[in-house]
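Survey of secondary and tertiary structure
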Amino acid sequence: MPAVSKGDGMRGLAVFISDIRNCKSKEAEIKRINKELANIRSKFKGDKALDGYSKKKYVCKLLFIFLLGHDIDFGHMEAVNLLSSNKYTEKQIGYLFISVLVNSNSELIRLINNAIKNDLASRNPTFMCLALHCIANVGSREMGEAFAADIPRILVAGDSMDSVKQSAALCLLRLYKASPDLVPMGEWTARVVHLLNDQHMGVVTAAVSLITCLCKKNPDDFKTCISLAVSRLSRIVSSASTDLQDYTYYFVPAPWLSVKLLRLLQCYPPPEDAAVKGRLVECLETVLNKAQEPPKSKKVQHSNAKNAILFETISLIIHYDSEPNLLVRACNQLGQFLQHRETNLRYLALESMCTLASSEFSHEAVKTHIDTVINALKTERDVSVRQRAADLLYAMCDRSNAKQIVSEMLRYLETADYAIREEIVLKVAILAEKYAVDYSWYVDTILNLIRIAGDYVSEEVWYRVLQIVTNRDDVQGYAAKTVFEALQAPACHENMVKVGGYILGEFGNLIAGDPRSSPPVQFSLLHSKFHLCSVATRALLLSTYIKFINLFPETKATIQGVLRAGSQLRNADVELQQRAVEYLTLSSVASTDVLATVLEEMPPFPERESSILAKLKRKKGPGAASALDDGRRDPSSNDINGGVEPTPSTVSTPSPSADLLGLRAAPPPAAPPASAGAGNLLVDVFDGPAAQPSLGPTPEEAFLSELEPPAPESPMALLADPAPAADPGPEDIGPPIPEADELLNKFVCKNNGVLFENQLLQIGVKSEFRQNLGRMYLFYGNKTSVQFQNFSPTVVHPGDLQTHILSGLGQPPTKRVAAQVDGGAQVQQVLNIECLRDFLTPPLLSVRFRYGGAPQALTLKLPVTINKFFQPTEMAAQDFFQRWKQLSLPQQEAQKIFKANHPMDAEVTKAKLLGFGSALLDNVDPNPENFVGAGIIQTKALQVGCLLRLEPNAQAQMYRLTLRTSKESVSRHLCELLAQQF
Amino acid sequence: MSLHGIRFILIQNRAGKTRLAKWYMQFDDDEKQKLIEEVHAVVTVRDAKHTNFVEFRNFKIIYRRYAGLYFCICVDVNDNNLAYLEAIHNFVEVLNEYFHNVCELDLVFNFYKVYTVVDEMFLAGEIRETSQTKVLKQLLMLQSLE
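Residues numbered from 1 in each chain as written. Chains lettered and ligands numbered in written order. Predicted model: local features only at pLDDT ≥ 70, side-chain atom pairs only at ≥ 80, totals over all residues. Heavy atoms only, no water.

Let us now look at the overall build of chain B. When its secondary structure is counted, chain B shows five helices and seven strands. From first element to last, N terminus to C terminus, chain B shows the α and β order β-β-α-β-β-β-α-α-α-β-β-α. The proportion of buried residues among the 146 residues of chain B is 66%. Here chain B displays about 5,300 Å² of accessible surface, and carbon together with sulfur accounts for 51% of that area. (Helix = DSSP H or I, 4+ residues; strand = E, 2+ residues; numbered from the N terminus. Buried < 20%, exposed > 50% of the residue type's maximum accessible area, 1.4 Å probe, protein only. Areas by Shrake-Rupley, 256 points an atom, 1.4 Å probe, with all protein chains shown as cover.)

Here it is as structure tokens:
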């Protein structure tokens, strides 16, 4: 075999490369390069025509310079010229230059199409491959347009050489990935599938990749590949270690091809044909059996190649999730790997077991390895292995082992790497809540979390413990006692102070009988932490203090003293100052009864889904928290631990501190005589000029900031009288105009447009939504030439809607919509919207004005529907199906079959679904005609995960729409909204 | 299941000098430079007791070190780790045979030939040919051409 000498053939290039390597400094290198560039430029510009060799050499030098990181702005034409050379080495350098530089100069592509066309037609396999590789490497749409039609022909032509077929298959794959529309398969499909039978294993290796990619979009067209793939796999798996000669790698027959075939099969459900299925199961068993045989070589390459096939086999077994016997065998095999001396195998076994844990057939088998996994968590040197161990513990957790797993995770947390602490904290918090048998254990666990890793305990976690304690009176006394003890520590984390402050403010009375925790002791303990805390925490503590005044009148004098201190009353922080002033006044002027009402214990939190779970999902992507959503394995858990029962009578305040005094929940003293549910109250609170200054972060600011949940210090309009209701009560509002629903429907999938128009008035809408917040601009145009007078648009929340959604007129009072709108003029109004819980009917917009003396009134539905708070969620097919399965209760699903009202156009449908707010997931539904989407409805109180599937039937001009969400009413409502759109 | 296969292949030395960069996805030049630096940072801190896999952005890097060179392949998180790990080794054995005991300098001086070797074995982000015999035969045939 001739050795390749250094820089053979191009001495000048070798010299140049040596020179560069010998440069002592960056400056010297640049100098040398500039010299070379000048030299090359002069050669290219010179009168003497360069021969092919020189051209090749200089182009190659330019390429080298480019790869060193310098810009190249000439030489492209010379490279293009090289393509027409009939010498391989010259052509190769030309193609290489183009493939590498094409990113920086897409002009090049047009120049080379001709040369590529010639090479493709040359019948010279070497030249054809060069051209195909160039197309595959560039892979741009222009390339696709020029060549997509030729390549299938080359791929299936009887006289194409094997190497050309290999390249053509992958070239086609690349073009298909870049622009699927340019690669019409149709007539080629059958012949491409039959490449799986090709004698040349290299052709099969390339073809499987192509078929795997194509069948994801058109699974039905490629269905025949299943039986071919199975028989090919079976031949490989059952062959002796030397049968396949060139394709045997360290005594393993065709490992890469086997892996690819196994991956292709994962695009489909188990084969329907019994004979094919039998043959496949036999293959899978053979692979599992071989894993037990003694190795044929001690080389790691042998075991890696063998195990590559084994792990892919296990993936397929998990994908099918239908063969209990194989699943358990797979689990046992992975169990052996858990203690293998190869770190790679331990890592992969932990990772693979994690998916096995969610199968009902193998969950128990996985659990038997708990001790090994715990040991891995403690002893593995590689953090990524420890992380997989933590994932697996989380996945295998159920009621039987929760205490053990939680305590091990807590122990691990003390030494865990910073990068994964927050995730471990979330996992522990979720497991503790989900599997809590007694809530004292839950409280202990969360307090331990704060003690061990306080910095990593996010708001969601400590909000959650407050919610649970508030809602469960059997644990309140214990919680008070425990936080009291925890606060004794000389240095306790600020999150502990927050939790402690809140719990003692609510339930401190439950331990006040014990002289060791008498009210004054509680107060001085909390106050000893006060000065070292952040503003947010101090604000929370001030609220605790005012609650203390109510709970323990004996502390009143002391606390008033604290509030009155100059450091509070004149605090530079407006938030703290305001609280001190308001609380002091409240405690001095209010009667005991009023105090007791205002400072009453918090009502239970109406919430179902844990916000921590949502956070983990956000962190890890959907599906990550699946073990927890998984009601199937532990159905009883939902009753006891599935969050807090909703209490319809109370207003949602998921962030416990946003409304410490329960103002929103309690009927405010100044409310106008109960007019059908005090519908306007909240609009007033947001809108009323008197309330405005004390609102702190207005909804407007909150929207512009990071959209965090209201910070704990979010102040209340405690002492401000709501402005007298300027808006008409609901009884003054006429019913929505007959077209209101139709108009609303137009806005389900879009945010901007004309909401209403008649001869007098046009109302335009522009809106944007993010998470559970939205902002809407309404434009009122006077189409006449006469002034509108007493123009007053108002927003009304009929019934108890305001407990679900808040739409406040968010602009400062000075910029209110003018009462007069001149002829031809347009005025604008801004609404800030906050979705508190899911809702069914939108708020109403009532517009009244006088036109030429005649009163005009108009009531519309505000185009705010629940889907506006959709946040799209991308997920892989596997995750989607897993989640889909989890939402299998009949009431979680809503389905509608309906006639198409509009032409059935896939692109339009897509746009509508995206407008609806869900993510569109490609390659999930085996039928490419169908649409699959996922997203989360964000409301302040809870998040509702939604999955949807739309199946058009072009022949029947019908659609079937299926929605699955964790909430019955949401499923039904979304289904109805969306079904109107097609 | 991924539609994309390999995102890129990198060969770097310990000092972070790139000896080969093959991209199977569109990145602009700045992004490429950033990726090269990040890969170097995550891979070089790992020792022999660590796995040959490391999570990287939304992908993972499968890598193996040979003397002073790191061979890295970036794939999707659900791709088969061991298959790519051995694909690296298979590739290195071909280089070793082709360059007769390959060393870093061979890759420097013959950078344009390394691209040819890569294209024979990997194309469009997929494994194209795995037989060392077939690849070497093809390479020698090309070598003999003018």
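Read on, since the account is not over.
We now examine the environment of A:Arg279. Residues and elements named next belong to chain A. Checked against the element boundaries, Arg279 lands in helix H15 (residues 274-292). The spacing of Arg279 and Ser234 is 45 residues in sequence and 7.2 Å in space, taken between C-alpha atoms. Not counting residues up to four positions away in its chain, the partners in contact with Arg279 are Val230, Ser231 and Ser234. For Arg279, the side chain forms a polar contact with the side chain of Ser234, separated by 3.3 Å. (Contact = heavy atoms within 4.5 Å. Polar contact = N/O pair within 3.5 Å; in protein donor to acceptor, adjacent residues only side chain to side chain.)

So, about the interface of chain A and chain B. Contacts between the two partners involve 77 residues from chain A, matched on the other side by 65 residues from chain B. Summed over both partners, the interface of chain A with chain B comes to about 6,400 Å²; 54% of that surface belongs to carbon and sulfur atoms. Where chain A packs against chain B, one counts five salt bridges. As a salt-bridge pair, B:Lys134 and A:Asp246 come within 3.5 Å of each other at their nearest N and O atoms. Counting every contact that joins chain A to chain B gives 29 residue pairs in polar contact (both at pLDDT 80 or more). In terms of residue count, the dominant contributor to the side of chain A that touches chain B is helix H16 (residues 300-320) of chain A (eight residues). Residues belonging to the side of chain A that touches chain B are distributed by class as follows: 37 nonpolar, 26 polar and 14 charged. (Buried area = accessible area lost by both parts, 1.4 Å probe. Salt bridge = Lys/Arg side-chain N within 4 Å of Asp/Glu carboxyl O. Nonpolar A, V, L, I, M, F, W, Y, C, P; charged D, E, K, R; others polar.)

For the rest of this paragraph, the subject is the pairing of strand S15 (residues 943-953) of chain A. Strand residues, when the strand is regular, have side chains that alternate between the two faces of the sheet. Residues and elements named next belong to chain A. Among the 11 residues that make up S15, eight are buried, leaving the element largely enclosed by the rest of the structure. The sheet contact formed by strand S14 (residues 931-938) and S15 spans eight bridges and is antiparallel. Bridge pairing in S15 places Ile937 opposite Val944. Two elements, S15 and strand S16 (residues 958-965), share eight bridges in a ladder whose sense is antiparallel. Bridging across to S16, Arg949 finds its partner in Thr962. Between the antiparallel neighbours S15 and S16 lie four residues, among them Gln957 with a positive phi of about 55°. (Pairing = 2+ DSSP bridges.)

Moving on, we come to the packing of helix H5 (residues 88-101) of chain A against helix H6 (residues 107-120) of chain A. Residues and elements named next belong to chain A. The interhelical angle for the contact between H5 and H6, taken along N-to-C directions, is 145°, at an axis separation of 12 Å. Relative to H6, the crossing made by H5 is left-handed. Residues Lys91, Tyr95 and Ile98 of H5 touch H6, and the partners they reach there are Leu108, Ile112, Ala115, Ile116 and Asp119. Tallied by class, residues from the contact of H5 with H6 come to six nonpolar, no polar and two charged. (Axes fitted to C-alpha atoms, helices over the stretch in contact; angles between N-to-C directions. Left-handed = near helix turned anticlockwise from the far one by under 90°.)

With that out of the way, let us pick up the pairing of strand S1 (residues 8-13) of chain B. Residue and element names in this part refer to chain B. Burial of S1 is extensive: six of the six residues sit out of reach of the surface. The alternating pattern of S1 places Phe8, Leu10 and Gln12 and Ile9, Ile11 and Asn13 on opposite faces, both of which are buried. Pairing geometry for S1 and strand S2 (residues 18-23), over five bridges, is antiparallel. Residue Ile9 lies in a different strand from S2, and its bridge partner there is Lys22. The loop that links S1 with its antiparallel partner S2 comprises four residues; one of these, Gly16, has a positive phi angle of about 95°. Here S1 pairs with strand S5 (residues 69-76) via six bridges, running antiparallel.

We now examine helix H29 (residues 535-551) of chain A. Across its 17 residues, H29(A) extends 24 Å between first and last C-alpha, which sits within 8% of the 24 Å expected from 1.5 Å per residue. Among the 17 residues that make up H29(A), 14 are buried, leaving the element largely enclosed by the rest of the structure. (Expected span 1.5 Å × (residues − 1).)

Judged by nonpolar contacts, the single largest core of 280 residues is most densely connected at A:Ile116, A:Met143, A:Leu196, A:Leu449 and B:Phe122. In this structure, A:Leu449 is in contact with A:Leu410, A:Leu413, A:Val425, A:Val428, A:Ala429, A:Gly454, A:Val457 and A:Val461, ignoring residues within four places of it in sequence. Counting residues in hydrophobic clusters, the runner-up holds 59 residues, among them A:Leu743, A:Val795, A:Leu913 and A:Leu974. (Core = buried A, V, L, I, M, F, W, Y, C linked by side-chain atoms within 4.5 Å.)

As a further point, take the sheet that holds strand S9 (residues 844-851) of chain A. All names here are of chain A. Overall, antiparallel pairing links the three strands, which are arranged S6-S9-S10 in an open sheet. Of all strands in the sheet, those with a lone pairing partner are strand S6 (788-796) and strand S10 (854-861), marking the two edges. Going across the sheet, the axis of each strand differs from the next one's by a mean of 15°, ignoring polarity. Sheet topology places S9 next to S10; eight bridges connect them, and they run antiparallel. Residue Tyr851 lies in a different strand from S10, and its bridge partner there is Ala854.

A few words on the pattern of salt bridges. Under the defined criterion, the tally for this structure stands at 52 salt bridges over all chains. The shortest N-O distance in the salt bridge between A:Lys378 and A:Glu408 comes to 3.6 Å. One end of the pair, A:Lys378, is in helix H20 (residues 370-379); the other, A:Glu408, is in helix H22 (residues 402-415), with 30 residues separating them in the sequence. Here B:Asp119 and B:Lys22 are joined by a salt bridge, their closest N and O atoms 3.2 Å apart. One end of the pair, B:Asp119, is in helix H4 (residues 111-121); the other, B:Lys22, is in strand S2, with 97 residues separating them in the sequence.

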